[in-house]
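Below, each chain spelled out in residue letters.
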Amino acid sequence: MSHYFSGHKLTLAASLLGLTALLSGCASSPEDDLSCGTVSGYLQPDASTHWYRVVVTHLNGKPVVSKPNYQLAPGEYEFTVAELIDDPSLGVSLSARTPKTFKLMVEGHQRYHIGALFHTDKRYMGKDTNYWEPGVWQQENHECQFDLSPETK
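Note that the structure is a prediction, hence the values are computed from the model and not measured. (Residues numbered from 1 in each chain as written. Predicted model: local features only at pLDDT ≥ 70, side-chain atom pairs only at ≥ 80, totals over all residues. Heavy atoms only, no water.)

Another point: the nonpolar core. In this structure, Val39 and Phe79 are the most contacted members of the largest nonpolar core, which totals 24 residues. Among the elements that make up this core, the one with the highest residue count is strand 9 (residues 110-118) (4 residues). Setting aside residues up to four positions removed in sequence, Phe79 forms contacts with Val39, Val56, His58, Leu59, Leu72, Lys100, Thr101, Phe102 and Leu104. (Core = buried A, V, L, I, M, F, W, Y, C linked by side-chain atoms within 4.5 Å. Buried < 20%, exposed > 50% of the residue type's maximum accessible area, 1.4 Å probe, protein only. Helix = DSSP H or I, 4+ residues; strand = E, 2+ residues; numbered from the N terminus. Contact = heavy atoms within 4.5 Å.)

Here it is, written out as structure tokens:
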């Protein structure tokens, strides 16, 4: 009979140990819960770098109203952007100027400046959509924290 109880005590102790480990793995500081990364599209890159501004049209497949900054929890996001390339050598038709998507792994306390890289390796004409690609043209440290004050809810 004592063997039966000692087995249950071990099972109970193991269960409590597992539960403690699980709860401590979920525990995080309040600051971690509020950290975010910022994705920005408002800065005009230096045209000599062949980077241009973009307008965000969708975030994770959902339409958005374009804004200068997106404060996002750390994680992977998919942005759909339209390029704003203003270069006289660009000869593609309007139908070729379609939005493109790219994925971005956002880390806390980072700012990502996104844009359109204009490929100048050849002259793009007609319906060739390969003249540009979206991406990050600058990344920098940036304090970002969600504001959870009652006024903003």
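Taking strand neighbours across the sheet as the criterion, the 4 strands line up as 4-3-6-8 in an open arrangement whose pairing is antiparallel. Among the strands making up the open sheet, the edge pair consists of strand 4 (62-63) and strand 8 (100-106). Two elements, strand 3 (residues 54-59) and strand 4, share 2 bridges in a ladder whose sense is antiparallel. Looking across to strand 4, one finds that His58 is bridged to Pro63. (Pairing = 2+ DSSP bridges.)

For the rest of this paragraph, the subject is the environment of Ala116. Following the sequence through the fold, Ala116 ends up in strand 9. Using a relative accessible area of 0% as the deciding quantity, one classes Ala116 as buried. In this structure the C-alpha to C-alpha distance between Ala116 and Ile85, which are 31 residues apart in sequence, comes to 7.4 Å.

What follows is about the side chain of Asp128. By secondary structure assignment, the location of Asp128 is in the loop between strand 10 (125-126) and strand 11 (132-141). In terms of polar contacts, Asp128 uses its side chain to reach the backbone amide nitrogen of Asn130, at 3.0 Å. Once residues lying within four places of it in the same chain are set aside, the contact partners of Asp128 are Val92, Ala96 and Lys122. (Polar contact = N/O pair within 3.5 Å; in protein donor to acceptor, adjacent residues only side chain to side chain.)

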